[in-house]
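# Survey of secondary and tertiary structure
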Amino acid sequence: MPAAPPDPFAEPPPRRFRALTIVAAALGGVVLVLALTIGVGYLRGANDLPGRHVATGRTGAEIYAKNCAGCHGRNGEGGSLSIKGPAFAPGGPLAGLTFEQRVEKIGRGRPLAGMPGWKFRISADDIRKVAAYTQILSGQQPDPSVEDVP
Ligand code: HEC
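These numbers come from a predicted model, not from an experiment.

### Details of the overall build of the chain
- When its secondary structure is counted, the chain shows 5 helices and 0 strands.
- In sequence order, the chain lays out its α and β elements as α-α-α-α-α.
- In the chain, which comprises 150 residues, the share counted as buried stands at 19%.
- Contacts in the chain between residues at least 24 apart in sequence constitute 49% of all its contacts with a sequence separation of at least 6.

Structural data, given as structure tokens:
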């Protein structure tokens, strides 16, 4: 008996099947968005935890120039742009801080006031180096335990 010709009035595939396709496509979309979010976050270092940062080998002066000068002034004279970091220079609001106070305050930051918490961004070693460098900007002797300051 010859095969019957295709029936032009045949029913479309059952609805259940189409629903499955939609669910699979939606799941694929969610997975893609998640992967992109995690990937971009990873590239930008947004998932970092304190203590995970590797020392850069930069001196305190270099770390300061790269990370702090924009807001606190190249020589610690205080910021002149819209975000004004207080001055380290003698007579400035930060000039009298001890080394330990600097390490503590630089690490913690004051995020709501525009001062980033640096323990989330640079290594503990680099925080000590830059803290000692700001002592020089304040006219103090840099803490003797720190190397590669100026
Ligand atoms: C985006 C601008 C910005 C950058 C970058 C920045 N600071 Fe600040 N910093 C501020 C502002 C604004 C304040 C004042 C916050 C306040 O009102 O108490 C501040 C405050 C401080 C204080 C005093 C904090 C306290 O708790 O009293 C120290 C110390 C300091 N900064 C050191 C640094 C060092 C070192 C760097 C670089 C590693 C740095 N800052 C980078 C804006 C900045």
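Once you've had a look at it, read on.
### Considerations on the site of the ligand
- C68, C71, G85, A113 and M115 are the nearest of the 20 residues found near the ligand.
- The class makeup of the residues in the shell around the ligand is 11 nonpolar, 6 polar and 3 charged.

### Remarks on the nonpolar core
- In terms of nonpolar packing, the biggest core is built from 16 residues, with Y64, I106, I127, V130, A131 and Y133 touching the most fellow members.
- The leading source of residues in this core is helix α5 (residues 124-137), at 6 residues.
- Aside from chain neighbours lying at most four places away, what touches I106 is W118, I127, V130 and A131.

### Describing helix α2 (residues 60-67)
- Along α2, the residues classified as buried are G60, I63 and Y64. Taken around the axis of α2, the buried residues stretch over an arc of 100 degrees, which confines them to a single face.
- Tucked inside the fold, the buried residues of α2 contact α3 (69-72) and α5.

### What about the packing of α2 against α5?
- Remark: α2 packs on α5, axes separated minimally by 8 Å, with the N-to-C direction vectors making an angle of 90 degrees. In terms of axis orientation, α2 runs roughly perpendicular to α5. Contacts from G60, A61, I63 and Y64 of α2 reach α5 at D126, K129, V130, A132, Y133 and T134.
- Looking at the contact of α2 with α5 residue by residue, the classes come out as 6 nonpolar, 2 polar and 2 charged.

### Regarding the packing of helix α4 (residues 99-108) against α5
- Contact pair α4 / α5: the axes reach a minimum separation of 9 Å and the direction vectors enclose 125 degrees. Taken as axis vectors, α4 and α5 run oblique relative to one another. Every pair of crossing elements has a handedness; the one defined by α4 and α5 is right-handed. Of the residues in α5, those touching α4 at F99, R102, V103, I106 and G107 are I127, R128, V130, A131, A132, T134 and Q135.

### Quick look at unusual backbone geometry
- For D148, which is not a glycine, the phi torsion comes out positive at approximately 55 degrees.
- Residue classification places D148 among the partly exposed residues on the basis of 17 C-beta atoms within 10 Å.

### Observations concerning α5
- Here α5 spans 20 Å end to end across 14 residues, near enough to the 20 Å set by a 1.5 Å rise per residue.
- Within the span of α5, buried status applies to D126, I127, R128, K129, V130, A131, A132, Y133, T134, Q135 and L137.
- Residues of α5 that are buried sit in contact with α2 and α4.
- In the segment just after α5, G139 is the residue with positive phi, at about 80 degrees.

### Notes on the environment of G60
- By secondary structure assignment, the location of G60 is in helix α2.
- Counting along the chain gives 86 residues from G60 to V146, while the straight-line C-alpha distance between them is 9.4 Å.
- Setting aside chain neighbours within four positions, we find G60 in contact with K129, V130, A132, Y133, D148, V149 and P150.

Criteria and cut-off values
- Residues numbered from 1 in each chain as written.
- Predicted model: local features only at pLDDT ≥ 70, side-chain atom pairs only at ≥ 80, totals over all residues.
- Helix = DSSP H or I, 4+ residues; strand = E, 2+ residues; numbered from the N terminus.
- Buried ≥ 20, exposed ≤ 12 C-beta atoms within 10 Å, placed from the backbone.
- Contact = placed C-beta atoms within 7 Å.
- Near = placed C-beta within 6 Å.
- Nonpolar A, V, L, I, M, F, W, Y, C, P; charged D, E, K, R; others polar.
- Core = buried A, V, L, I, M, F, W, Y, C linked by C-beta atoms within 7 Å.
- Arc of directions from axis to C-beta.
- Axes fitted to C-alpha atoms, helices over the stretch in contact; angles between N-to-C directions.
- Parallel < 35°, antiparallel > 145°, perpendicular 65-115°, else oblique.
- Left-handed = near helix turned anticlockwise from the far one by under 90°.
- Expected span 1.5 Å × (residues − 1).

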